[in-house]
Amino acid sequence: MVDPLTASAPQVLPEIPSPTRDKLQNLPVRPLPLFIGQTYQTNRPRTLLVPDTFRSGGSTSVREAMCSIFRGTFCSFTGLGRLRNLQRSTGISAFVGRQYQTIPVAAEEQHDAGEHTQAKQDFQYDRLYQGHIPTNLFQKALLAAGSSVMSLYDPYRHDMIAVLGETTGYLALQMLRDRMKRHPEGCQILQERPRIRMSTLDMQWLRELPDGTFGREYARFLDVNMVSPDTRMPVKFVDDEELAYVIQRYREVHDLMHTLLGMPTNMLGEVVVKWFEAVQTGLPMCILGAAFGPLRLKSRKLEVLIKELLPWAVKSGQNAHCILNFYYEKRWEQTVESLREEIGIYPPPALNAGPQL
């Protein structure tokens, strides 16, 4: 995707079939952001594409996110996903969202160049960390509303769940950060900022650890469920650099919680982990998933959840120390049982009569 504020040159695209294109070729082409996606070249006036009132520094990426959410919501509920095929065949994308390039008239070139440079400077100044998208309260509310609808409609839309967590979790993230600062190990994590990614993990070494160790069971979880820590979305909408790391750390230890709780990645396992995390973190995103996730379970699994797994997950969440206060990268050789006991997680219940998780 082309970043309209940092791109050094526009994408080369098919020429416009027009008798005047030879005259237009020598004029500079300036990117004009509208929504998301490919870039097209057009000689239509820019005022027909997007009002000037929306062209402010830093707001382009916010519009992109909003358009992606509401476009996905609308197409999912109305079956208009086939509009994508129409776009590919015609190049017309005013509704579903693309970026346009306009060819400005010569009289506007100097003014537009200065305006573009100022917008680029303002946008870069507002960034607090790599990938940060500054948003105001109204924009966060729109993003939260759209992402919550999409998360409920499709619980496997991890990108929507990530946006929901970032736009609604400010107060909970502050409390988690304060708990980390009051704990020596949590404070060390905030200072050193470790990351759990494939580039920082020695998977071969983890697979060779003895059975029952935390590292071996985590590697087994990744292999069996065919997941990777690299799939966690980067933080974009948290307007505090330290809080952005807190929620990034929460995302990266999510699979570790699956390992410690002994839960798979199916719907029942995710609901159980969300109940544990909701009690632990107080994040609205976790509470929403814990409350509405059971609606997608079949009757037998719902019975197991209510009678056995839910009470255990809630009790473990209440009894456990803050899950972000443990330097898991230094505990791979520790046994799962001893680490559970140290954190305060009760052993998982034996599901003798229930269905397979």
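Residues numbered from 1 in each chain as written. Predicted model: local features only at pLDDT ≥ 70, side-chain atom pairs only at ≥ 80, totals over all residues. Heavy atoms only, no water.

1. Topic: the overall build of the protein chain
Argument step 1. A count of helices and strands for the protein chain gives 16 helices and three strands.
Argument step 2. In the protein chain, 75% of the contacts between residues at least 6 apart in sequence involve partners at least 24 apart.
Argument step 3. For the protein chain, the exposed area adds up to about 18400 Å²; of that, 57% sits on carbon and sulfur atoms. (Helix = DSSP H or I, 4+ residues; strand = E, 2+ residues; numbered from the N terminus. Contact = heavy atoms within 4.5 Å. Areas by Shrake-Rupley, 256 points an atom, 1.4 Å probe, with all protein chains shown as cover.)

2. Topic: the UniProt feature "binding site: Zn(2+)" (unreviewed entry) in the protein chain
Argument step 1. In the numbering used here, UniProt assigns the feature "binding site: Zn(2+)" (unreviewed entry) to His 254, Asp 255, His 258 and Glu 270. A maximum C-alpha distance of 10.2 Å is found for the annotated residues, which run over 17 residues; spatially they form one tight group.
Argument step 2. Among the structural elements, His 254 can be located in helix H12 (residues 254-261).
Argument step 3. Judged by its relative accessible area of 6%, His 254 falls in the buried class.
Argument step 4. With residues up to four places along the chain from it excluded, the contact list for His 254 reads Arg 232, Glu 270, Val 273, Lys 274 and Glu 277.
Argument step 5. Relative to the helices and strands, His 258 is located in helix H12.
Argument step 6. When near neighbours in sequence (up to four residues on either side) are disregarded, His 258 contacts Phe 221, Met 263, Pro 264, Thr 265, Gly 269, Glu 270 and Val 273. (UniProt positions renumbered as here; feature names shortened; annotations may be inferred. Buried < 20%, exposed > 50% of the residue type's maximum accessible area, 1.4 Å probe, protein only.)

3. Regarding the packing of aromatic side chains
Argument step 1. In this structure the tally under the stated criterion is four aromatic pairs.
Argument step 2. Measuring from centroid to centroid gives 5.3 Å for Phe 214 and Trp 332, while their planes differ by 20°, and the two rings are stacked. Taken as a pair, Phe 214 in helix H10 (residues 214-225) and Trp 332 in the loop between helix H15 (299-319) and helix H16 (336-343) lie far apart in primary sequence, 118 residues in all.
Argument step 3. By relative accessible area, Trp 332 is classed as buried at 7%.
Argument step 4. With 5.5 Å between their ring centres and 15° between their planes, Tyr 218 and Trp 332 make a pair best called stacked. Placement of the pair is Tyr 218 in helix H10 and Trp 332 in the loop between H15 and H16, with a sequence separation of 114 residues.
Argument step 5. Through pairs of rings, three or more aromatic residues link up here, namely Phe 214, Tyr 218, Phe 326, Tyr 328 and Trp 332.
Argument step 6. Taking NZ or CZ as reference, Lys 315 lies 5.5 Å from the ring centre of Tyr 346, over its face.
Argument step 7. Its end group placed over the ring of Tyr 327, Lys 330 keeps NZ or CZ at 4.4 Å from the ring centre. (Phe/Tyr/Trp six-rings, centres within 6.5 Å; stacked < 30°, edge-to-face > 60°. Lys NZ or Arg CZ within 6 Å of the ring centre and 35° of its normal.)

4. Section: the environment of Pro 234
Argument step 1. Within the fold, Pro 234 resides in the loop between H10 and helix H11 (241-252).
Argument step 2. Judged by its relative accessible area of 48%, Pro 234 falls in the partly exposed class.
Argument step 3. Considering only alpha carbons, one finds Pro 234 and Gln 130, 104 residues apart in sequence, at a separation of 9.3 Å.
Argument step 4. Leave out the neighbours within four places in its chain, and Pro 234 touches Glu 166, Gln 248 and Arg 251.

5. Structural notes on unusual backbone geometry
Argument step 1. Phi is positive for Arg 193, which is not a glycine, with a value near 50°.
Argument step 2. Relative to the helices and strands, Arg 193 is located in the loop between helix H8 (184-192) and helix H9 (203-207).
Argument step 3. Classification of Arg 193 as partly exposed rests on a relative accessible area of 26%.
Argument step 4. The backbone phi angle of Met 226 is positive, close to 50°, even though this residue is not glycine.
Argument step 5. The residue Met 226 is located in the loop between H10 and H11 in this model.
Argument step 6. Judged by relative accessible area, which is 74%, Met 226 ranks as exposed.

6. A closer look at the packing of helix H7 (residues 170-181) against H11
Argument step 1. At a closest axis distance of 9 Å, the pairing of H7 and H11 adopts a crossing angle of 85°. Between H7 and H11, the angle falls in the class roughly perpendicular. Counted together, Tyr 170, Leu 173, Gln 174, Leu 176, Arg 177, Met 180 and Lys 181 of H7 and Glu 242, Leu 243, Val 246 and Ile 247 of H11 form the full contact between these two elements. (Axes fitted to C-alpha atoms, helices over the stretch in contact; angles between N-to-C directions. Parallel < 35°, antiparallel > 145°, perpendicular 65-115°, else oblique.)

7. Focus: the packing of H7 against H8
Argument step 1. The contact between H7 and H8 brings their axes to 6 Å, and the two run at 110°. One finds that H7 runs roughly perpendicular with respect to H8. Facing H7, whose interface residues are Arg 177, Met 180 and Lys 181, H8 presents Gly 186, Cys 187, Ile 189 and Leu 190.
Argument step 2. In terms of residue class, the contact of H7 with H8 is built from four nonpolar, one polar and two charged. (Nonpolar A, V, L, I, M, F, W, Y, C, P; charged D, E, K, R; others polar.)

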